[in-house]
Each structure stands twice: as C-alpha cells, then as structure tokens.
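Analysis of the macromolecular model
What follows is each chain in one-letter form.
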Amino acid sequence: SKKSRFLHLYSRYIAGEKRRDEESEMILGPLDSAATGNREVQFVLSTLEMGFAEQPPTEEEDAWLLYLYGIVCMKQKNITHARKALCKSVCLYPYNWSAWQELGSTLGGLSDLNEILDRLPNNVMTNIFVLNTNQELYQTDDGVHKQLTDLLQIFPRSAWLKTQRALLFYHARDFDEAEQIFDGLIKADPYRLDSLDHYSNILYVMERRPKLGFIAQMATGTDKFRPETCCVVGNYYSLKSEHEKAVMYFRRALTLDRASLSAWTLMGHEYVEMKNTHAAIEAYRRAVDVNRKDYRAWYGLGLSYEVLEMHYYALFYFQRAASLRPYDPQMWQAMGSCFDRMNRPGEAIKAYKRALVSSAPAKQVTTHFDPSILLQIGYMHEKLQSGREAARWMEMALREEDEVGVTAATSKARMWLARWEFGNANWGKAAEYANELCQDGAELEEAKALVRDLRSRMEK
C-alpha cells in the first residue's frame, strides 16, 4: 500500500539522518562544514520518482509520499520541485503541519508566498500557514494582527497562536507587550518550552537578569536536554558577560539540534563579543544555511566583515538584511556607514535618508527624526563639499533637541555649526553656539578653545 511504502522510505530517510549526525564532526570543528550528507536521499528520490511515473499522485494517501518527495528535493536544493510537491501534498491532506513547515522553508520572501497562494486549499490550515509565514518574514502590520485575531476567535485557548502574537510584537520591537504575553503563557503552562529561546532574547534586550535567571532555572528543571533550554541558559550567562560559558551552552544546543537557528545566531553574537571574528562569521553562515529568512544572521555577517574592513562583503550582507527588514532603520544606518567607509557619500546619503524615514514614528502627525542620522547626512554633504546643505541638516539635528533633549549627536551638530559660522566670519553666531556647548558640558575643551579664539578676534 502507499502508506507502507511511505513508512518504509521515511524510515530509510530518518536512518540516514541519524547516521549523518553520528558521523559528523564536533560543532565548528575542522571538518564540521564538510559533514557527510544523508546517503539514503538518492535512493528515496529515485524510488518515489519511479512510483509517480507509474501512477501520478491523486489520492489522499499520496499526500504523505509527496511530503517525503518535497523533503528529499529540499535536501538536493531543488526548491522548485519541492515547492510544487508540497503544495500538492497539503491540497490532498491539509492537516499535516510538517508539510506546511517544509513548504514555508522553500519561501524566500513575500513574493514567493503570493505566488503559491492560489495553489493552496481554502481552509483554516492555509490561514494558519499564511500567518506563520508572515511572522517569519517579519511582517507586523495591522492586516497580520487582524488575521491572528480571527484565528484566536476559532481557537481562543491556543498557546501557539498567542506565541505568534508575542513574536509579532517582538519583531516590531514592542518588548513590553511581548513580555506580557509570554508571562501569561508561562503562568498558563509552566512546563511548555516552545519558543522560550525567543522570550529569553526579549529579557536579554530588556536586561531583566533576575527574571532571565528564573526562566533558565525553570526550563532546566523541566528538561535540560532541549535546545530551547540551552539557549535560555546561554543567554543568561551572556547577560552576566560570561561569554565562554554562553558559547558552551549554545554548542550544547547545537549538539542536540544542528538546525537550531537561535543557537547558531546567538553563538555568532558571543564570538563577536569575544573578538573571534572568523568563528562568528562561520556561525552566522551556518545560521543562514538553516534559515535564509533570518535577518539577524545576515546583519551579523555584515558587522563581522566590517570589523575585518572588508566593506564590499559587509555591504552585500547589509543589503540582504535590509531586504528582509526594509523598515528597520538599523539596517539602513549600517549600509550608510558602509558607503561612507567606501568613500561613496552620495549613496550613503540615500541610505541614511531611508533610515530617517524608517525611524520616524508611523502614526504621528508631527514627525520627529533621529538626530544621529541627521548628523551623518550633514557629514556626507560636507564630504561632497556642499557646506550650505550640510549646515541645513545640522540645524535640523539641533531642532530635535526639543523632543529628545541634549545628546552626543546634537552636541556634535552644534560644534560643527560653530566651526561653520566661524569659517564664514559670523563670529557672533559662532560664539552663541560655542557658549551653548560650554553650558551643556559636551565637546567642552574644543568649545572653550573656540570661545577663546573668538574673543581675541572680536577684541581685535
């Protein structure tokens, strides 16, 4: 029967995966990247293709064989065939969530998702899949939240759907809201470890060390041999600045599951902290191999190559990160900085302007901008020898003090304007800027020197 054929071939595939793991080198060892592949894939693939040639798949039982065919096509990097087979599989039997997950891994962006939507069945599983894919692609708009609300009306007690809501807030950098949802999930089910690594990332960013320690203790008491538990404990040690111990726990997570995306990315962050740039690059590369939709790994690769002063490589990776997170100002600022180091101020201005638009609050009538980005745009215009335009951007940075107060960026802008007015012999205006700097306490020595110079010139 078709079911027994599926069980036989799937068992062969699983045995091949187990053998591959046993023969693999230690994590990031000398031969780790050259780990042996699954030797059973070719046999499974040829057997399935022969079966489909004899009798094309049309029944519900064929859905499992198509699912397996999709998996082995992915192993062979044949994404087109894998996507086609998995779409057929979920149409024949929509309740195999593993098939939906494999289908999601074939999608590189929203365009791929929109392309296959008309090939998917019209039922609740498709809605759940679209929601999950949008979350993985960092879509956090109102439409996605509405879709989630509609699903929660059908499944009001679903912990998985509530976790999706928390992850949407996490991607939108609304950490307080995400933390509240995760707190509620832990109270409802303290033994549930799914997505706990994401919760530990939120607590890490918010620097909630006691709470992160409690979550680590709780997860270890539940099951210390889960990759999520190891990631939580690793994050706790990272927050304590014990980076060697953190790496040890992330390695442990990868020993348990080599496809643990969080562990690869977090281990890359730790190697950056330890100034081991080459190990960080390798960890980020492995994270990208596991999931090409993870912007953090692309961004980490960009930062690592920037440390090595390989700016063309860094720019490529920043562009990949920005394509995944087009509304994140951090990505565009990194690109602007890279263009600046490559002495391409015109392109740097374009990138910084994108960062400026992204950093502005979306739903406010009076828009306020980040003064540090305005400052950088001013510097780029100075490099283009456009002094008046640079002065205009510096003045815009100064005006942001009404909203954000005195910052390092506004002080630098004031210092630049003081020098600019000094160079144009507008000594009264230059003295005004320099005296303001002396009162703020930033750029103090340079401001005092400028005031002394101005006084002697004005006396003469």
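Our subject is the structure that appears above.
Read on for a plain summary of the structure. (Residues numbered from 1 in each chain as written. Predicted model: local features only at pLDDT ≥ 70, side-chain atom pairs only at ≥ 80, totals over all residues. Heavy atoms only, no water.)

The next thing to look at is the pattern of salt bridges. A complete count under the given rule lists 26 salt bridges for this structure. Put simply, glutamate 40 and arginine 19 hold a salt bridge, and the shortest N to O gap is 3.6 Å. Within this pair, whereas glutamate 40 is found in the loop between α1 (2–23) and α2 (41–54), its partner arginine 19 is found in helix α1, the two being separated by 21 residues in sequence. Among the residues examined, glutamate 40 registers a relative accessible area of 12% and is labelled buried. Arginine 208 is the salt-bridge partner of glutamate 179, the closest N and O atoms lying 2.5 Å from each other. Here glutamate 179 is found in helix α10 (residues 175–188), whereas its partner arginine 208 is found in the loop between α11 (196–205) and α12 (209–222), with 29 residues between them in sequence. (Salt bridge = Lys/Arg side-chain N within 4 Å of Asp/Glu carboxyl O. Helix = DSSP H or I, 4+ residues; strand = E, 2+ residues; numbered from the N terminus. Buried < 20%, exposed > 50% of the residue type's maximum accessible area, 1.4 Å probe, protein only.)

Let's shift gears to the state of the cysteines. Enumeration over the complete set of coordinates arrives at zero disulfides. Take cysteine 73: it sits in no disulfide, and the sulfur closest to it among the cysteines is that of cysteine 87, at 13 Å. Residue classification places cysteine 73 among the buried residues on the basis of a relative accessible area of 3%. The cysteine cysteine 231 is free of any disulfide, with cysteine 230 supplying the nearest cysteine sulfur at 7.0 Å. Owing to a relative accessible area of 1%, cysteine 231 belongs among the buried residues under this scheme. (Disulfide = S-S within 2.5 Å.)

Once that is clear, we can look at the packing of aromatic side chains. Considering all chains together, one arrives at 20 aromatic pairs under this definition. Aromatic side chains tyrosine 237 and tyrosine 249 sit 5.6 Å apart centroid to centroid with 20 degrees between the ring planes, which places their arrangement in the stacked category. Here tyrosine 249 lies in helix α14 (residues 243–256) and tyrosine 237 lies in helix α13 (residues 227–239), a separation of 12 residues in the sequence. Accessibility assignment for this pair places tyrosine 237 and tyrosine 249 in one class, buried. Ring centres of phenylalanine 316 and tyrosine 317 lie 5.2 Å apart, and the angle between their planes is 70 degrees; this geometry places the pair in the edge-to-face category. Taken together, Phe6, Tyr10, Tyr13, Trp64, Tyr67, Tyr93 and Tyr95 form an aromatic cluster joined through their ring pairs. Seen from the ring of phenylalanine 43, arginine 12 lies directly overhead, with NZ or CZ sitting 4.0 Å from the centre. Here the guanidinium or amino end of arginine 252 rests over the ring plane of tyrosine 249, the centre of that ring lying 4.7 Å away. (Phe/Tyr/Trp six-rings, centres within 6.5 Å; stacked < 30°, edge-to-face > 60°. Lys NZ or Arg CZ within 6 Å of the ring centre and 35° of its normal.)

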